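What follows is each chain in one-letter form.
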Amino acid sequence: MSKTADQIVVGDRITYLAGTPVGMEKLFRNGEVVAYPISDPYTSVLWFPTRPDEAGDDTEPVWVRHDKVVDVASAVE
């Protein structure tokens, strides 16, 4: 991952760990960051509103914790 959590912006594509691992399998999903991240000042967690690839444009975003992001593809290369 070439970006840190505080460098991820709207339009970036992320790969993230969704849910909890089942057995030894990990479920990874891809999506696009659709709005500015929100920081929780009490827990120091940064949350990214993300639209999963399989979701429609009118679907509410999934909130992804910064520590669940495993890869970032920049919106502007």
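Shown above is the structure to which this text applies.
Keep in mind it's a predicted model, so treat the numbers as computed, not measured.

Draft legend 1. Inspection of the environment of Lys-3 at higher detail. With respect to the secondary-structure elements, Lys-3 resides in the segment before β1 (13-17). Using a relative accessible area of 15% as the deciding quantity, one classes Lys-3 as buried. Taking the C-alpha atoms as reference, Lys-3 lies 8.7 Å from Ala-73; in sequence the two are 70 residues apart. If sequence neighbours within four positions are ignored, Lys-3 has contacts with Ile-8, Val-9, Asp-12, Val-72 and Ser-74.

Draft legend 2. A look at unusual backbone geometry. A positive phi is found at Ser-44, a non-glycine position, where the angle reads about 60°. With respect to the helices, strands and loops of the structure, Ser-44 is situated in the loop between β3 (38-40) and β4 (45-52). With relative accessibility at 60%, the residue Ser-44 sits in the exposed group.

Draft legend 3. Quick look at the nonpolar core. Counting residues in each nonpolar core, the largest one holds ten residues, listed as Ile-8, Ile-14, Tyr-16, Ala-18, Val-33, Leu-46, Phe-48, Val-64, Val-69 and Val-72. Of all the elements in the fold, those that place two or more residues in this core are β1, β4 and β6 (69-73).

Draft legend 4. Expanded view of the pattern of salt bridges. All chains considered together, the criterion is met by three salt bridges. As a salt-bridge pair, Arg-13 and Asp-53 come within 2.6 Å of each other at their nearest N and O atoms. Highlighted residues: Arg-13 in strand β1 and Asp-53 in the loop between β4 and β5 (62-65), separated in sequence by 40 residues. The class of Asp-53 is partly exposed, set by a relative accessible area of 43%. In this structure, the salt-bridge partner of Arg-29 is Glu-54, at a minimum N-O distance of 3.9 Å. One end of the pair, Arg-29, is in strand β2 (residues 28-33); the other, Glu-54, is in the loop between β4 and β5, with 25 residues separating them in the sequence.

Calculation criteria
- Residues numbered from 1 in each chain as written.
- Predicted model: local features only at pLDDT ≥ 70, side-chain atom pairs only at ≥ 80, totals over all residues.
- Heavy atoms only, no water.
- Helix = DSSP H or I, 4+ residues; strand = E, 2+ residues; numbered from the N terminus.
- Buried < 20%, exposed > 50% of the residue type's maximum accessible area, 1.4 Å probe, protein only.
- Contact = heavy atoms within 4.5 Å.
- Core = buried A, V, L, I, M, F, W, Y, C linked by side-chain atoms within 4.5 Å.
- Salt bridge = Lys/Arg side-chain N within 4 Å of Asp/Glu carboxyl O.

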